[in-house]
Amino acid sequence: MMPWGHLAVGYLVYTVATRIRHRRAPRELPVLALAVGTQLPDLVDKPLNWWFGVFDGRAIGHSLFVAVFVCAVAFAVARRFGGASVVSAFAVGVFTHLLGDAVGPLYSGDYHLAAFVLWPLFPAPTYPKDSPLDHLRQWAVEMQSIAQSPSTLVGSQFGLQLLLFAVLASVWAADGFPGIRAVWKQFVDR
């Protein structure tokens, strides 16, 4: 799943849960924590692969055991200092990321390709060696394909994630763009 797909799934799950539980839109800081959580597994594993040749892109950061441990420690700290809603949002981001990466292999019956969620009990799957530049090239090819034949937008995983991101943008706008004010205040109003 692409970064914007992870962000879209995480935000949509979180905003629905927030609206059901609290009957309001998500708040600023939890949304920022959610955004970090939706990207964290890749921010851990991709650099380990690209720069250090460790694993193949999904292992430590994509492990359910590591995610549970990290979130448990974060909740323990949050309980002491307040901020459980921020950690809850972060946890939603992390776990929706893992689910987003595992659902394809599980749905197609390639269960061994979803073994990364049980690392280190099972070895991380092997993927073709790539780099950040390889990802950018792949995205450019996908975008060019969609531009040449817009009907491929719905037929490709890449295109579906772009559509999902468009849904995210609409829902985020309806929610009042939570997170923007906190970032603006931090970096611009100084």
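What you are looking at is a predicted structure, and each value in this text was computed from that prediction instead of being measured. (Residues numbered from 1 in each chain as written. Predicted model: local features only at pLDDT ≥ 70, side-chain atom pairs only at ≥ 80, totals over all residues. Heavy atoms only, no water.)

**Focus: the overall build of the chain**
Then comes step 1: On a plain count of helices and strands, the chain comes out with eight helices and zero strands.
Then comes step 2: Scanning the chain from its N terminus toward the C terminus, one meets helices and strands in the order α-α-α-α-α-α-α-α.
Then comes step 3: Taking 190 residues into account, the globule formula puts the C-alpha radius of gyration at 16 Å, and the chain, at 18 Å, falls close to it.
Then comes step 4: By principal-axis analysis of the C-alpha atoms, the chain measures approximately 45 × 40 × 35 Å.
Then comes step 5: Taking all 190 residues of the chain together, the buried fraction comes to 35%.
Then comes step 6: For the chain, long-range pairs separated by at least 24 residues make up 65% of all intrachain contacts whose partners lie at least 6 apart in sequence.
Then comes step 7: Carbon and sulfur atoms provide 70% of the accessible area of the chain, an area that totals close to 11200 Å².
Then comes step 8: Side chains of the chain carry 14 positive and 11 negative charges; the gap between the two charge centres is 15 Å. (Helix = DSSP H or I, 4+ residues; strand = E, 2+ residues; numbered from the N terminus. Rg over C-alpha atoms; globule rule 2.2 N^0.38 Å. Buried < 20%, exposed > 50% of the residue type's maximum accessible area, 1.4 Å probe, protein only. Contact = heavy atoms within 4.5 Å. Areas by Shrake-Rupley, 256 points an atom, 1.4 Å probe, with all protein chains shown as cover. Lys, Arg positive; Asp, Glu negative; His and termini not counted. Charge placed at Lys NZ, Arg CZ, Asp CG, Glu CD.)

**Thoughts on the pattern of salt bridges**
Then comes step 1: Here the structure, examined in full by the defined rule, presents three salt bridges.
Then comes step 2: Taking the shortest distance from any N to any O, the salt bridge between Asp101 and Arg58 comes out at 3.5 Å. Here Asp101, found in helix H4 (residues 84-108), pairs with Arg58, found in the loop between helix H2 (28-52) and helix H3 (64-81); they are 43 residues apart in sequence, far enough to count as distant. A single burial state applies to Asp101 and to Arg58, both of which are buried. (Salt bridge = Lys/Arg side-chain N within 4 Å of Asp/Glu carboxyl O.)

**Remarks on the confidence of the model for the chain**
Then comes step 1: Mean pLDDT for the chain: 87, with 92% of residues reaching 70 or above.
Then comes step 2: Predicted confidence in the chain is weakest over helix H6 (residues 152-155), with a mean pLDDT of 67, and strongest over helix H1 (residues 3-22), with 96. (pLDDT = per-residue confidence, 0-100.)

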